Amino acid sequence: MERKVIIKQGTLVGITGLNLNGEAFYKFLGIPYAKPPVGQLRFKAPEPPEPWEGVRDCTQDGTPNIMFSFTQELIGSEDCLYLNVHTQRLPSPGGQLRPVMVFFHGGAFTMGSGTQIMCDPKYLLTEDIVLVSMNYRLGVFGFLSMEDVSLGVPGNAGLKDQTQALKWVKENISQFNGDPDNVTIFGISAGGSSVHFHVVSTKSKGLFHKAIAQSGSVLNPWAWGQRNSLLLAEKLGHKVKSEKEALRVLMEASSKELFDASQMLPDCIIGAHQRRPFGPIIEKPNLTAFITEDPTNLLGSGRYNQVPFIQGFCSNEGLIYELSKFIYIPKNFEPNKHLVPWHLNHPHKVNSPGLKTLSQWEQTLVDLYYKDGVSKKAIHDHLGDICFTFGILDGLRLQLKAGHAHQYLYKFCYETPLIKKNRSVMGLDESFKGVNHGTDQNVLFPFHLPGMATELTKEDLEAIRKVVKIWVDFASTGVPHPDWEPTTPEDKDLNYFILSEELRMERNPFEERMIVWREFTEDVGVDLSVNES
């Protein structure tokens, strides 16, 4: 059944879908939230969408950004700035507007989309909310950056896309029965770190009112890129001497040529010892800037958006190491030798009098993780800590120090039949324990990927309904669950909520290992502005 909605840009028509309970809801797909970022708008900050005449068909997903799919096919287009809106009901006289939840998809800032294949709303739309998912620019298209701001490519276009989508929500979501004054942003992995980037960015102030960052933080080393336009031009066959020359080459290249060239730059997602080629950066001051200061300074001083905030991680994030058929891991990558993340690798600080040297810290980490040899468990613990857990906890501690109240921490431990089946599809057998990175998305959105399990057991349904209700209750009220205590500035310990068959509170996750990392950062300090080229 088609339904029409009139928004600021024009009239659109959507269709109906069915939620997990078999109940109908409305979905409006492929709505443009910005001008297509093509031609002279390539790499630039997004511009507001243009109006249209007549009725726009919004019954199909918009095209995602150019990327490799999970089956390693090249898909997508530069014309990708589209979002989807899902709602149980449209506005009625005297009706109450509903909480809005805006989802940022994951995918390491290089893959993923807000389309129905990744963001099927059938679980979340069992609750009375308005759900928005979106595409944003990825890889070189979303995160090329240049030091010369006069060239108009200062970086972070993908994050600016997300901000533009939030502005669209502010202007239009009431037409879908959504409350523009009650917006929760949430995301997983790169989507989780995106949420945290919006928390620290002044550009997003007032565009959201609550936040949920799942397995992602601005303090995770994989969440950062670098400036490499000259090298990229060289991969296209042009030796250039300036960013201006490089930009000319990059603007003249076709989409495929540019994508292929970007794939020639090494990118080990879990190689925390090196900065990734494309991702968020700290911009030079400019009119479109998303972030111009190290977020550790912003968090520590309290100069950020202190909204009610859920953060957390899965019980065994480091299992991502086993997913080599989905992510690139070079053959020469050895976790027991690549011990220190790049943003802690500051010999000039570590070698100060009274502090451990870098080599002493490396030995400390070997003793912590590999004293019994290089085992899979040791690798998983090490990578889970340096890529995810410690950054999340360190950010939380900075926020607590700044007096940020209404913060909630969790560890996701559900191992339902659905999660176990999908773990086996990824090549993880029963010998691997714990919940791997990104698996919590299974209880929020059905995965429609080749080989992924879709049949739900009673245990799966119970987990889905519990987690969905907790997330929606938080979006509605700012309180996720009556038994979930916030982590407050007054607490000596970090109390956190176990999301599993038995919901309960615990204290100080991975305490022995986290103490070592805290001591390390106290020696050197986190510096996210270093090593940019």
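These numbers were taken from a predicted model, which means no experiment stands behind them. (Residues numbered from 1 in each chain as written. Predicted model: local features only at pLDDT ≥ 70, side-chain atom pairs only at ≥ 80, totals over all residues. Heavy atoms only, no water.)

Engineer: Just to check I follow, could you spell out the overall build of the chain for this structure?
Structural biologist: The number of helices and strands found in the chain is 13 helices and 15 strands. Across the 533 residues of the chain, 60% fall into the buried class. Taking the contacts inside the chain whose residues are at least 6 apart along the sequence as the reference set, 77% of them involve residues at least 24 apart. Computed over 53 positive and 62 negative side-chain charges, the separation of the two mean positions in the chain equals 2 Å. (Helix = DSSP H or I, 4+ residues; strand = E, 2+ residues; numbered from the N terminus. Buried < 20%, exposed > 50% of the residue type's maximum accessible area, 1.4 Å probe, protein only. Contact = heavy atoms within 4.5 Å. Lys, Arg positive; Asp, Glu negative; His and termini not counted. Charge placed at Lys NZ, Arg CZ, Asp CG, Glu CD.)

Engineer: Looking at this model, I keep getting lost on the pattern of salt bridges. Mind explaining?
Structural biologist: A side chain with one charge may pair with a side chain of the opposite charge, provided their charged atoms come close. Evaluation of the coordinates by the stated rule reveals 24 salt bridges. The partner of E234 in a salt bridge is K239, and the shortest N-O contact between them spans 3.2 Å. Residue class for E234 comes out partly exposed when judged on its relative accessible area of 38%. Given a relative accessible area of 72%, K239 falls into the exposed group. Residue D381 pairs with R513 through a salt bridge whose shortest N-O separation is 3.7 Å. In this pair, D381 sits in helix 10 (residues 376–401) while R513 sits in helix 13 (residues 511–524), placing the two residues 132 residues apart along the sequence. R513 carries the same exposure label as D381, and that label is buried. Because the salt bridges share partners, they merge into one network encompassing K377, D381, D385 and R513. (Salt bridge = Lys/Arg side-chain N within 4 Å of Asp/Glu carboxyl O.)

Engineer: Looking at this structure, I do not really get the packing of aromatic side chains. What am I missing?
Structural biologist: Each aromatic ring pair is characterised by the separation of its centres together with the angle its planes make. In total, this model carries 20 aromatic pairs according to the counting rule given. Measuring from ring centre to ring centre gives 4.9 Å for F103 and F186, while their planes differ by 55°; the resulting arrangement is tilted. Of this pair, F103 sits in strand 8 (residues 98–104) while F186 sits in strand 10 (residues 178–188); the two residues are 83 residues apart in sequence, bridging distant segments of the chain. Both rings, one in W168 and one in F176, keep their centres 6.0 Å apart while their planes meet at 40°; by these two values the pair is tilted. Comparing W168 with F176 shows no difference in burial state: the two are buried. (Phe/Tyr/Trp six-rings, centres within 6.5 Å; stacked < 30°, edge-to-face > 60°.)

Engineer: Would you explain the pairing of strand 1 (residues 3–7) in this entry?
Structural biologist: On a regular strand, one side chain projects to one face of the sheet and the next to the other, so that they alternate. Where strand 1 and strand 2 (residues 10–18) come together, five bridges link them in antiparallel fashion. Residue pairing across strands places I7 opposite G10, the latter belonging to strand 2. Connecting the antiparallel pair strand 1 and strand 2 is a turn made up of two residues. (Pairing = 2+ DSSP bridges.)

Engineer: Teacher, can you tell me more about the side chain of N508 here?
Structural biologist: Here N508 shows up in the loop between strand 15 (504–507) and helix 13. With residues near it in sequence (within four places) discarded, N508 still touches R397, D493, L494 and Y496.

Engineer: Could you clarify how one ought to interpret the packing of helix 9 (residues 358–369) against helix 13 in this entry?
Structural biologist: Each pair of packed helices gets described by two things: the angle between the helix axes and the distance between those axes. At their nearest, the axes of helix 9 and helix 13 sit 11 Å apart, and the two run at 175° to each other. Put simply, helix 9 runs roughly antiparallel to helix 13. In this structure, helix 9 contributes L358, W361, T364, L365, L368 and Y369 to the contact, and helix 13 contributes R513, V516, W517, E519, F520 and D523. (Axes fitted to C-alpha atoms, helices over the stretch in contact; angles between N-to-C directions. Parallel < 35°, antiparallel > 145°, perpendicular 65-115°, else oblique.)

Engineer: It is not clear to me how empty space enclosed by the protein should be interpreted in this structure. Could you clarify?
Structural biologist: Applying the stated rule across the entire model yields four cavities of 30 Å³ or more. By volume, the second largest cavity is sized at about 90 Å³. In terms of lining, the second largest cavity is formed by 14 residues, of which the most central are L219, H343, I386, F390 and G391. Breaking the lining of the second largest cavity down by element, the ones donating at least two residues are helix 10 and helix 13. (1 Å grid on protein atoms, 1.4 Å probe; cavity = no way out; pocket = protein on both sides within 12 Å on 5 of 7 lines; lining within 4 Å. Points joined across faces, edges and corners; volume = space filled by probe spheres on them.)

Engineer: Can you walk me through the environment of A108 in this structure?
Structural biologist: Structurally, the position occupied by A108 is in the loop between strand 8 and strand 9 (130–134). The buried category is assigned to A108, whose relative accessible area is 8%. Along the backbone, A108 and F390 are 282 residues apart, and their C-alpha atoms lie at a distance of 18 Å. With sequence-adjacent residues up to four places away left out, A108 is seen in contact with A190, I269 and R276.

Engineer: Quick question: what am I supposed to make of unusual backbone geometry here?
Structural biologist: A positive phi angle is found at S215, which is not glycine, with a value near 55°. Residue placement: S215 occurs in the loop between strand 11 (210–214) and helix 4 (229–235). Of note, the phi angle at H406 is positive, near 60°, even though the residue is not glycine. On the secondary structure map, H406 appears in the loop between helix 10 and strand 13 (407–412).

Engineer: I keep staring at the nonpolar core and nothing clicks. Help me out?
Structural biologist: Membership of the largest hydrophobic core comes to 119 residues, with the highest contact counts inside it found for I31, V102, W168 and F176. With 12 residues, helix 10 is the single largest residue contributor to this core. Not counting residues up to four positions away in its chain, the partners in contact with I31 are I7, L12, C58, L81, Y82, L83, V85, W168 and F176. Listed in part, the 37 residues of the second largest apolar core include F103, M118, Y410 and I419. (Core = buried A, V, L, I, M, F, W, Y, C linked by side-chain atoms within 4.5 Å.)

Engineer: Quick question: what am I supposed to make of helix 13 here?
Structural biologist: Since one α-helical turn is 3.6 residues long, residues separated by three or four positions face the same way. With 14 residues, helix 13 should reach 20 Å at 1.5 Å per residue; the first-to-last C-alpha distance of 20 Å fits that figure. Taken residue by residue, helix 13 has R513, M514, V516, W517, F520, T521, D523 and V524 as its buried positions. Phi turns positive one or two residues past the end of helix 13, at G525, with a value near 75°. (Expected span 1.5 Å × (residues − 1).)

Engineer: Looking at this structure, I do not really get the state of the cysteines. What am I missing?
Structural biologist: As used here, a disulfide is simply a covalent bond connecting the sulfur atoms of two cysteines. Enumeration according to the criterion identifies zero disulfides in this entry. There is no disulfide at C268, and the cysteine sulfur nearest it, in C387, is 8.3 Å away. Assessed through its relative accessible area of 2%, C268 is described here as buried. (Disulfide = S-S within 2.5 Å.)

Engineer: So what exactly am I meant to see when it comes to the pairing of strand 11 here?
Structural biologist: With five of five residues buried, strand 11 is to be regarded as a mostly interior element. Burial along strand 11 is two-sided: K210, I212 and Q214 facing one way and A211 and A213 facing the other are all buried. Between the parallel elements strand 10 and strand 11, the chain passes through helix 3 (residues 190–200) in a crossover that is right-handed. Of the strand pairs in this sheet, strand 11 and strand 12 (residues 309–314) are connected by four bridges, and their pairing is parallel. Counterpart to Q214 in the pairing with strand 12 is G312. (Right-handed = clockwise from strand over helix to strand, strands pointing away.)

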